[in-house]
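What follows is the residue order along each chain.
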Amino acid sequence: MQLTSTLTCPKCGGVATERMPTNACQFFYDCRHCAVVLRPLASDCCVFCSFGDVPCPPIQEAKANGTVAGCCG
């Protein structure tokens, strides 16, 4: 399981590699480059699933187990 993900800001294209929490969803992220506050897209549970190159740990685990996860746990 990967615990870091590189977020890409949809507004400015800035990238930042961040450590993902394993015990909670991260609903907000302040872009280091343009200060816009990122929020998950309607179909995603957290900013890592929406804007990261690696989804959050609960989603990674669900995919590895072949199950469906609707949200971070």
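Rules behind the numbers
- Residues numbered from 1 in each chain as written.
- Predicted model: local features only at pLDDT ≥ 70, side-chain atom pairs only at ≥ 80, totals over all residues.
- Heavy atoms only, no water.
- Helix = DSSP H or I, 4+ residues; strand = E, 2+ residues; numbered from the N terminus.
- Buried < 20%, exposed > 50% of the residue type's maximum accessible area, 1.4 Å probe, protein only.
- Polar contact = N/O pair within 3.5 Å; in protein donor to acceptor, adjacent residues only side chain to side chain.
- Pairing = 2+ DSSP bridges.
- Salt bridge = Lys/Arg side-chain N within 4 Å of Asp/Glu carboxyl O.
- 1 Å grid on protein atoms, 1.4 Å probe; cavity = no way out; pocket = protein on both sides within 12 Å on 5 of 7 lines; lining within 4 Å.
- Points joined across faces, edges and corners; volume = space filled by probe spheres on them.
- Nonpolar A, V, L, I, M, F, W, Y, C, P; charged D, E, K, R; others polar.

Draft legend 1. Quick look at unusual backbone geometry. At Ala35, a residue that is not glycine, the phi angle is positive and equals roughly 70°. Looking at the element boundaries, Ala35 is found in the loop between β3 (29-30) and β4 (37-38).

Draft legend 2. Just the side chain of Ser50, in detail. Looking at the element boundaries, Ser50 is found in helix α1 (residues 47-51). A relative accessible area of 16% places Ser50 in the buried class. For Ser50, the side chain forms a polar contact with the main-chain nitrogen of Leu41, separated by 2.8 Å.

Draft legend 3. Fine view of the environment of Ser43. Along the chain, Ser43 falls in the loop between β4 and α1. Residue class for Ser43 comes out exposed when judged on its relative accessible area of 68%. Distance in space between the C-alpha atoms of Ser43 and Glu18 is 21 Å, their sequence separation being 25 residues.

Draft legend 4. Highlighting the pairing of strand β2 (residues 15-19). Burial along β2 is one-sided: Ala16 and Glu18 are buried, and none of Val15, Thr17 and Arg19, which face the opposite way, are. Note that strand β1 (residues 4-8) and β2 share 5 bridges and pair antiparallel. In the strand pairing of β2, Ser5 is matched with Glu18. Linking β1 back to β2 in an antiparallel pair, the connection comprises 6 residues, with Gly13 at a positive phi of about 80°.

Draft legend 5. The pattern of salt bridges, seen in detail. This structure, assessed with the given rule, holds 1 salt bridge. When the shortest N-O distance is used, the salt bridge between Arg32 and Glu18 registers 2.6 Å. Here Arg32, found in the loop between β3 and β4, pairs with Glu18, found in strand β2; they are 14 residues apart in sequence, far enough to count as distant. We classify Arg32 as exposed; its relative accessible area is 57%. Given a relative accessible area of 17%, Glu18 falls into the buried group.

Draft legend 6. Here's a closer look at empty space enclosed by the protein. Scanning all chains against the criterion turns up 1 cavity of 30 Å³ or more. In this structure, the largest cavity spans a volume of roughly 40 Å³. Contributing to the lining of the largest cavity are Leu7, Cys9, Gly14, Val15, Ala16, Tyr29, Cys31, Arg32, His33 and Leu38. The residue inventory of the lining of the largest cavity, partitioned by class, reads 7 nonpolar, 2 polar and 1 charged.

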